[in-house]
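Structure assessment
Each chain is listed here by its residues.
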Amino acid sequence: MERLILHVDVNNAFLSWTAVDKLSKGGTFDIRTVPSIIGGDEAQRHGIVLAKSTPAKKLGIKTADPIYFAKQKCKDLLIFPANFEVYKKYSNALYEILTNYTDRIERFSIDECFMDMTGCTMNYNSIMDIAKEVSARVFAELGFTVNIGIAHNKLLAKMASDLEKPNKIHTLYENEIETKIWGLPVNELFMVGKKSVDKLRAMHINTIGDLAKSDKNLIVKKFGKFGLQVHNYANGIDNSEVIYTKQKPKGVSNETTLAEDISDYDRICEHLLPLAEQTMYRLRKENMSATVISVKIKTKDFQIFSKQRKLQVATDSTKEVFDTAKELLQEVLKNKDIRLIGIRVDGLVDNSEVQFSFFDIKNRDKQKRLDNAVDKIKDKFGYGMITRAGELKRKK
């Protein structure tokens, strides 16, 4: 199965997160719209610029400028101190959204993540549709934008996310390397620093394409193992894995923004079923069951309503969760026009700890066999290769 990697990169993270945090606490304006920076203490003339707004950039203020010089370029410059507790909060919130799509996530830095989406295209038409949904959800739910790169390996995904900013989605597949990155200056290649650039330019290697087409043996002789690595990178070669730590989830959720506002209960249920399917598929992969089920809706005017129910017996059954979710939806919907529907399961317990009565086991055995059969087909042939009958009406 061909690998699919996403690289998600927060646009101007420190300043964006500060702006969102201030707005959430009653701020009257968005600091991203005025000359502002994240840096040293405004009362003291030391420190450097860590992040800058677009208006500040237009005034010639650069990252790593001394605060004193930045103030000279704009006397009304707004300066905000770094706050890593705020950054951690929004970094974690981003990560939580990404876990709705895969559990194979590498936190490359506080504002960057790699997502291994291999076999996780689910009910989407393409990986681009997933990227678009991730981008839209991050902005709608968290208030900041991201760039997303799509490729078959980590290197190209990262380089794709850097092609044009902000709030963009780019692909960089092997057949796009020559047209999209070979014409870029060699310093744009990942891992190539200033000292290496000077040496490469002395060899008349000025672009990524020059490096890609150069004699590999000559580059290795000049730079050693590092030379082999950057020569491979220039040709889009990278076999590194998405490195992630497997953790037992505290909850599993999934939601989707609808293509149009819907108030009809039956139509919304058609969207609820694949959400339940995906959520419980992920839960069964963890060998866990849920004791709490909740449904969330967002109306066309962005109001959020939710309803939850605690079960008497933990379950990992798609049908049981879907049936409960339908009841909760009926309670919370009440003719509202909704733009987003979501489902979440909490109160998770390991299946080895779940105790069923003989009556429960007998009633659930048939559904358990069905869930297991569906899961095996999805594992072998890909998530989207089988769909439950309830989804056929919507897909037609």
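Anything mentioned here points back to the structure above.
Please read these numbers as outputs of a predicted model, since none were measured by experiment. Per chain, residues are indexed from 1 in the order of the written sequence. Confidence filtering applies because this is a predicted model: local features only for residues at pLDDT of at least 70, side-chain atom pairs given and counted only at 80 or more, and all residues used for totals across whole chains, interfaces and linings. Excluding hydrogens and water, the side-chain values take into account all heavy atoms of the structure.

Here the focus is the overall build of the chain. Helix numbering and strand numbering both begin at the N terminus, where a helix is a DSSP run of H or I of at least 4 residues and a strand a DSSP run of E of at least 2. Helix and strand content of the chain: 15 helices and 13 strands. Think of it in three bands: with a 1.4 Å probe and only protein chains considered, a residue is buried below 20% of the maximum accessible area for its type, exposed above 50%, and partly exposed in between. By residue count, 48% of the 396 residues in the chain fall in the buried class. Here a residue-residue contact requires only that any non-hydrogen atoms of the pair lie within 4.5 Å. For the chain, contacts bridging at least 24 residues in sequence account for 62% of all contacts bridging at least 6. Residue exposure ignores everything except the shown protein chains as possible cover, and the areas themselves are Shrake-Rupley values with a 1.4 Å probe. Summed over all atoms, the accessible surface of the chain reaches about 20,600 Å², with 52% contributed by carbon and sulfur.

What follows is about the nonpolar core. Note on terminology: a nonpolar core comprises buried Ala, Val, Leu, Ile, Met, Phe, Trp, Tyr and Cys residues joined through side-chain atoms within 4.5 Å. Counting 39 residues, the largest nonpolar core has W17, M117 and F144 as its most contacted members. The biggest single contributor to this core is helix 4 (residues 84-98), with seven residues. Counting 29 residues, the second-largest nonpolar core is a separate cluster that includes V321, L329, L333 and I341.

The next subject is the packing of helix 10 (residues 216-223) against helix 11 (residues 225-234). In the contact formed by helix 10 and helix 11, the axes pass within 6 Å of each other and the chain directions differ by 140 degrees. With respect to helix 11, the element helix 10 is oriented oblique. The handedness of the crossing between helix 10 and helix 11 comes out as right-handed. Where helix 10 approaches helix 11, its residues K216, I219, V220 and F223 are matched on the opposing element by K225, F226, G227, L228 and H231. Only the stretch in contact is used when a helix axis is fitted, and all axes are lines through C-alpha atoms; the angle between N-to-C directions ranges over 0 to 180 degrees. Throughout, the term roughly parallel applies to angles under 35 degrees, roughly antiparallel to angles over 145, roughly perpendicular to angles from 65 to 115, and oblique to all others. A crossing counts as left-handed when the near helix is turned anticlockwise from the far one by less than a right angle, and as right-handed when that turn is clockwise.

Regarding helix 11, the residues found buried are G227, V230, H231, Y233 and A234. The arc enclosing the buried residues of helix 11, seen along the axis, measures out at 160 degrees, which places them on a common side. Tucked inside the fold, the buried residues of helix 11 contact helix 6 (154-161), helix 7 (177-180), helix 9 (208-213) and helix 10. As used here, the arc is the angular range of directions from the helix axis to the C-beta atoms.

The next subject is the environment of I343. Take I343: it is sitting in strand 12 (residues 338-346). Exposure remark for I343: the relative accessible area of 2% places this residue in the buried category. When the C-alpha atoms of I343 and K296 are compared, they prove to be 6.2 Å apart, with 47 residues separating the residues in sequence. Among residues more than four places away in sequence, those in contact with I343 are V252, S253, N254, L272, L275, A276, T279, S294, V321 and A325.

Two strands qualify as a pair provided that DSSP identifies no fewer than 2 bridges between them. Taken in spatial order, the five strands of this open sheet run 5-6-1-7-8, and their pairing is mixed. With one partner strand each, in any of the chains shown, strand 5 (105-109) and strand 8 (169-171) form the two edges of the open sheet. Mean inter-strand twist for the sheet, computed between neighbouring axes without regard to direction, equals 20 degrees. Relative to strand 8, strand 7 (residues 146-151) runs parallel, the two sharing three bridges. Bridged to G149 within strand 8 is H170. Against the sheet, helix 6 touches strand 1 (5-10), strand 5, strand 6 (112-116), strand 7 and strand 8, its axis set at about 145 degrees to strand 7.

Time to look at the packing of aromatic side chains. Aromatic contacts are taken between Phe, Tyr and Trp rings whose centres are within 6.5 Å, Trp giving its six-membered ring; a plane angle under 30 degrees counts as stacked, one over 60 as edge-to-face, and the others as tilted. Inspection of every chain in the model, using the stated rule, returns 11 aromatic pairs. A centroid spacing of 5.1 Å and a plane angle of 80 degrees characterise the contact between F84 and Y87, whose relative ring orientation is edge-to-face. Here F84 pairs with Y87, and both are found in helix 4, just three residues apart, close to one helical turn. Ring geometry for F190 against Y233: centres 6.2 Å apart, planes inclined by 25 degrees, an arrangement best described as stacked.

What makes a salt bridge here is a side-chain nitrogen of Lys or Arg within 4 Å of a carboxyl oxygen of Asp or Glu, nothing more. Following the criterion strictly, the structure yields 23 salt bridges and no others. One salt bridge in this structure joins E176 and K180, with 3.2 Å as the shortest N-O distance. On the accessibility criterion, K180 (30% relative accessible area) is partly exposed. Taken together, the shared-partner salt bridges in this structure form one network comprising R137, E141, E255 and K296.

Mapping L328 onto the fold places it in helix 13 (residues 318-333). Measuring from C-alpha to C-alpha, the distance between L328 and I293 comes to 8.8 Å, with 35 residues separating the pair along the chain. The residues contacting L328, other than those within four sequence positions of it, are I293, S294, V295, K307, Q308 and R309.

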